[in-house]
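# Close look at the chain arrangement
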Amino acid sequence: MSKGRPLEPLDFFIWTTEDVGMWLDEIGLGTYKPVFNENGINGEYLDSLSTFTTEQILRFIRRCHMKWGDFITLCKELRHIKVACLKGEQEVRKPWWAPSCLSSVFAKVAKHNRQSRVVSLKFDP
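Residues numbered from 1 in each chain as written. Predicted model: local features only at pLDDT ≥ 70, side-chain atom pairs only at ≥ 80, totals over all residues. Heavy atoms only, no water.

### Examining the overall build of the protein
Each helix and strand counted, the protein has six helices and zero strands in total. Order of helices (α) and strands (β) in the protein, N terminus to C terminus: α-α-α-α-α-α. Sorting the 125 residues of the protein into buried and exposed places 39% on the buried side. Across the protein, every contact between residues at least 6 apart in sequence was considered, and the portion connecting residues at least 24 apart equals 60%. A total of about 7,700 Å² of accessible surface is found on the protein, and carbon and sulfur atoms cover 54% of it. (Helix = DSSP H or I, 4+ residues; strand = E, 2+ residues; numbered from the N terminus. Buried < 20%, exposed > 50% of the residue type's maximum accessible area, 1.4 Å probe, protein only. Contact = heavy atoms within 4.5 Å. Areas by Shrake-Rupley, 256 points an atom, 1.4 Å probe, with all protein chains shown as cover.)

See below:
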């Protein structure tokens, strides 16, 4: 992802560690960028946080030296991204690394998988 363009919610599961760092800056948690980068926290990892057990969550918090309030903020911001994804508020577009010949295929698959990526999410429409 280029540094000039904003991060888009539907991209979050393909974010690199650098993309996650940019997002942390945007949500006011930029102090965690180095430790997230050191631990290889990328979009796929963030996507999997919703399936973590309590023990795994506590391990993540300890490993990243996070304050509990900051972890809550991180989860709330992730939820916003997932809600936007579920509601279809963001355009589906191919990732930067996909060849242009796969644009329509990627968009079709992403739309199909949109709800499966947020299965654990509950919200009031």
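### Observations concerning the packing of aromatic side chains
Taken as a whole and assessed by the stated rule, the structure comprises seven aromatic pairs. Look at tryptophan 15 and tryptophan 23: their rings are 5.6 Å apart centre to centre, the planes differ by 50 degrees, and that puts the pair in the tilted class. As far as burial versus exposure is concerned, tryptophan 15 and tryptophan 23 are alike and both buried. By the ring-pair criterion, three or more aromatic residues cluster together here, those being Tyr32, Phe36, Tyr45, Phe52, Phe60, Trp68 and Phe71. (Phe/Tyr/Trp six-rings, centres within 6.5 Å; stacked < 30°, edge-to-face > 60°.)

### With respect to the confidence of the model for the protein
In this model, the protein carries an average pLDDT of 75, and 58% of its residues clear a pLDDT of 70 or more. Below pLDDT 50 for its whole length, residues 114-125 participates in 21 contacts with residues either more than four positions away or in separate chains. (pLDDT = per-residue confidence, 0-100.)

### Some points on the nonpolar core
Judged by nonpolar contacts, the single largest core of 23 residues is most densely connected at Trp23, Leu24, Phe36, Leu46, Phe60, Met66 and Leu74. Broken down by secondary-structure element, the contributors of at least two residues to this core are helix H1 (17-26), helix H2 (33-38), helix H4 (54-63) and helix H5 (68-87). With four residues, the single largest contributor to this core is H5. Apart from residues lying up to four places away in sequence, leucine 74 is in contact with Trp23, Leu24, Ile27, Leu29, Phe36, Leu49, Phe60 and Met66. (Core = buried A, V, L, I, M, F, W, Y, C linked by side-chain atoms within 4.5 Å.)

### Overview of the pattern of salt bridges
Summed over the entire model, instances satisfying the criterion amount to two salt bridges. Across the pair aspartate 25 and lysine 33 runs a salt bridge, and its minimum N-O distance is 2.9 Å. Residue aspartate 25 is classed as partly exposed on the basis of its relative accessible area of 42%. For lysine 33, a relative accessible area of 33% translates into the label partly exposed. (Salt bridge = Lys/Arg side-chain N within 4 Å of Asp/Glu carboxyl O.)

### Details of the environment of arginine 63
Locating arginine 63 in the fold gives a position in helix H4. Arginine 63 sits in the partly exposed class, given a relative accessible area of 33%. A sequence separation of 27 residues divides arginine 63 from phenylalanine 36, and the C-alpha atoms of the two residues are 9.2 Å apart. For arginine 63, the contacting residues outside a window of four places in its chain are Val35, Asn39, Ile41 and Tyr45. Polar contacts involving the side chain of arginine 63 include one to the side chain of tyrosine 45, which spans 2.9 Å. (Polar contact = N/O pair within 3.5 Å; in protein donor to acceptor, adjacent residues only side chain to side chain.)

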